[in-house]
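In case you want the letters, here they are:
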Amino acid sequence: MDAISPLSFEEILNLKQLGDPTISPDGGAVAYVVADTALGVGDPAPSSRIWTVAAEDGQPIQVTNGPGSDDTPRWSPDGRTLAFRSDRTQRGTGQIYLLSNGFGEAKELAHFGGGVLDYAWSPSGSLIAAVILDEKPEHDEGADHIVYEDQLRFGRLWLIDVATGIAKQLTQGSEQIWEFCWSPDGGALAAIVSDLPHRWAWYRARLCRIDLVNGAVTTLYAPERQIARPAWSPDGAWIAVVTSTFSDPGMTGGDVVLVSATNGEVRRIGGHDARSHLTLHWEADGRSLLTSAIEGGHASLSQVTLDGSTETLWRNEASFISYGVSATRSASLVAATIASLNQPPEVWICEAGADVNWRQLTHHNEALADRIPGEIETLHWIAEDGQEIQGLLVRPTAIAAGKAMPMVTMIHGGPTSISGYSFPGGSVTGWVPELLRRGVAVYFPNPRGSAGWGLAYAEANQLDMGGSDLQDVLSGVDECVRRGIADPERLAVCGWSYGGYLTAWVVTQTQRFKAAIAGASITNWVSFHGNS
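Remember, predicted model here, so these are calculated numbers, not experimental data.

Reading the values: rules and limits
- Every chain's residues receive numbers from 1 upward, in the order its sequence appears when written.
- At least 70 in pLDDT is required for a residue's local features to be given in this predicted model, at least 80 for side-chain atom pairs to be given and counted, and no such filter applies to totals for whole chains, interfaces and linings, which use all residues.
- Remark: hydrogens and water are excluded; side-chain values derive from all non-hydrogen atoms of the structure.
- The nonpolar core is taken to be a set of buried Ala, Val, Leu, Ile, Met, Phe, Trp, Tyr and Cys residues, with the residues joined through side-chain atoms within 4.5 Å.
- Think of it in three bands: residues with accessible area under 20% of the maximum for their type are buried, residues over 50% are exposed, and the middle band is partly exposed, with areas taken using a 1.4 Å probe on protein chains only.
- A run of DSSP states H or I qualifies as a helix once it reaches four residues; a run of E qualifies as a strand once it reaches two. Both are numbered from the N-terminal end.
- Two strands form a pair only when DSSP identifies at least two bridges running between them.
- Geometry is summarised by axes, namely lines fitted to C-alpha atoms with helices restricted to the contacting stretch, and by angles between N-to-C directions that run from 0 to 180 degrees.
- Patch building starts from residues that exceed 30% relative accessible area and form no salt bridge, then joins like charges within 9 Å and nonpolar side chains (Val, Leu, Ile, Met, Phe, Trp, Tyr) within 5 Å.
- Here, Shrake-Rupley sampling with a 1.4 Å probe gives the accessible areas, and only protein chains in the shown set may cover a residue.
- We define a salt bridge as a contact between a side-chain nitrogen of Lys or Arg and a carboxyl oxygen of Asp or Glu at a distance within 4 Å.

J.: Would you mind going over the nonpolar core in detail, with residue names and values included?
T.: Ranked by size, the top nonpolar core spans 31 residues in total, and within it Leu207, Trp232, Ile239, Leu258, Leu280, Trp282 and Leu289 carry the most contacts. For this core, the element with the most residues is strand 18 (residues 238-244), which contributes 5 residues.

Structure follows, in structure tokens:
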């Protein structure tokens, strides 16, 4: 271990963030995004580019090079055209561009003043449906204030003819479109819809069917919980969604629910187990789904059948980065961005089945691999009320086993998120390598309210923010002290977002921590609504 050269802060800031791998229809190539970690001066988002890599040991090729951010690559159904979104003409306002045969000069398909939020090819490839943000209305340039939620800017569905670039608005009323997918026959869209475009309205969104002929919007499912990731079955009968009580759009792991595409009948499948499903991919027979999931804190691939059975196909101490998983239309081939403690994010591919063997396709961050001066350990302990809690401990390799050491408790955000087996470099965990180098252990608790242990666990801190979940965190600290891992006189705590909230709260509840850092913390629930 003496030969390891720990990562410098400069190297961490130069880490390449790989995401949104999109496998081509024939399974022969994967398009993906390579983004910078650090922001440029004045940039609204890190710069990013689209790359492709051949599935059979191909050399990665950068296929876009414009200024700004290129993201959301999507292959046409025939695999001949690669679409992507780019804000190269106006930072922060993305438009759809097309690359013929995946190479050459990208051409803008159509231009929208408000920008493109999301898009998808139709099954035939002749149309692209896109969620377009309403243009920003005129306002008084001399005003010295902003009235929050004063102006309504909806994300509306438009249809764009790929051959001509002619765009037609599909939804006309008060429907905010958050996510959508195409029906297999191309005659309708299934969408997650709310009545208002405000962030809070997403928490009361419903599943709707939108017909292309007349734009009619029909509510199929109006649940009490949040829903996400709609996926239409090959026979057109069912629309699958993920459901749970989510913290934020995008942080959407939960149970699988089927909704009839015709009468709104609801069937919950694959629930009541210790996993949170992330992405849904129908298999060719239409009788089962392949899902990516967090299972007991591990990354996993699962098969969920319509009769309710769930089988784990693969499970490992790793993480899917930003839910980056895609599959071919039959779900026989899967591409994903995967990372672990000592392996930074890269694109991997596998055949889905009884024997899953991932094969690494990219090596953008190879120089950073095996450079974390620590070893990870999974901890389990019992809280005061009998609930089993899990957490991760990363010990500095330079400290001899059995010696108590200083320890930083790092609380994840959400709360329906997770501290998983991931590479500490692309987020607020970027200072972990330096802590380890200095002989400080880092403890990542996953208290109740975390994703990855089923619906009941994810919802166990509802109406109890900073109550039982904080006690779970503290009981884990006590366990580390009891085992002789942590020095009780040298404890610190930190967290961001919800973790920042718990950090700000915990220092009012105990004096055991000698230092605390609360980032992006919620300290006033009322002002939090308007300020974020």
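Next comes the rest of the account.
J.: Explain the pairing of strand 19 (residues 255-260) residue by residue, including any values.
T.: Of all 6 residues in strand 19, 6 are buried, a share of seventy percent or more. The side-chain alternation of strand 19 yields two buried faces, one formed by Asp255, Val257 and Val259 and the other by Val256, Leu258 and Ser260. Sheet analysis places strand 18 next to strand 19, joined by 6 bridges and oriented antiparallel. Among the inter-strand pairings, Trp238 is bridged to a residue of strand 19, identified as Ser260. Judged from the 4 bridges that link them, strand 19 and strand 20 (residues 266-269) form a sheet pairing that is antiparallel. If you follow Leu258 over to strand 20, its bridge partner there is Arg267. Hairpin connection of strand 19 to strand 20: 5 residues between the antiparallel strands, including Gly264 at a positive phi of 80 degrees.

J.: Would you mind going over the sheet that holds strand 19 in detail, with residue names and values included?
T.: Pairing is antiparallel in the open sheet, where 4 strands are placed in the order 17-18-19-20. Of all strands in the sheet, those bounded by a partner on one side alone are strand 17 (226-232) and strand 20. Adjacent strand axes in the sheet meet at a mean angle of 30 degrees when their direction is disregarded.

J.: Before we move on, can you summarise a nonpolar patch on the surface with the specific residues and values?
T.: A grouping of Met465, Trp525 and Phe528 is seen on the molecular surface, where their side chains present a nonpolar patch of about 290 Å² in accessible area. With respect to the helices and strands, the residue Phe528 is situated in helix 6 (residues 525-531). Judged by its relative accessible area of 33%, Phe528 is partly exposed.

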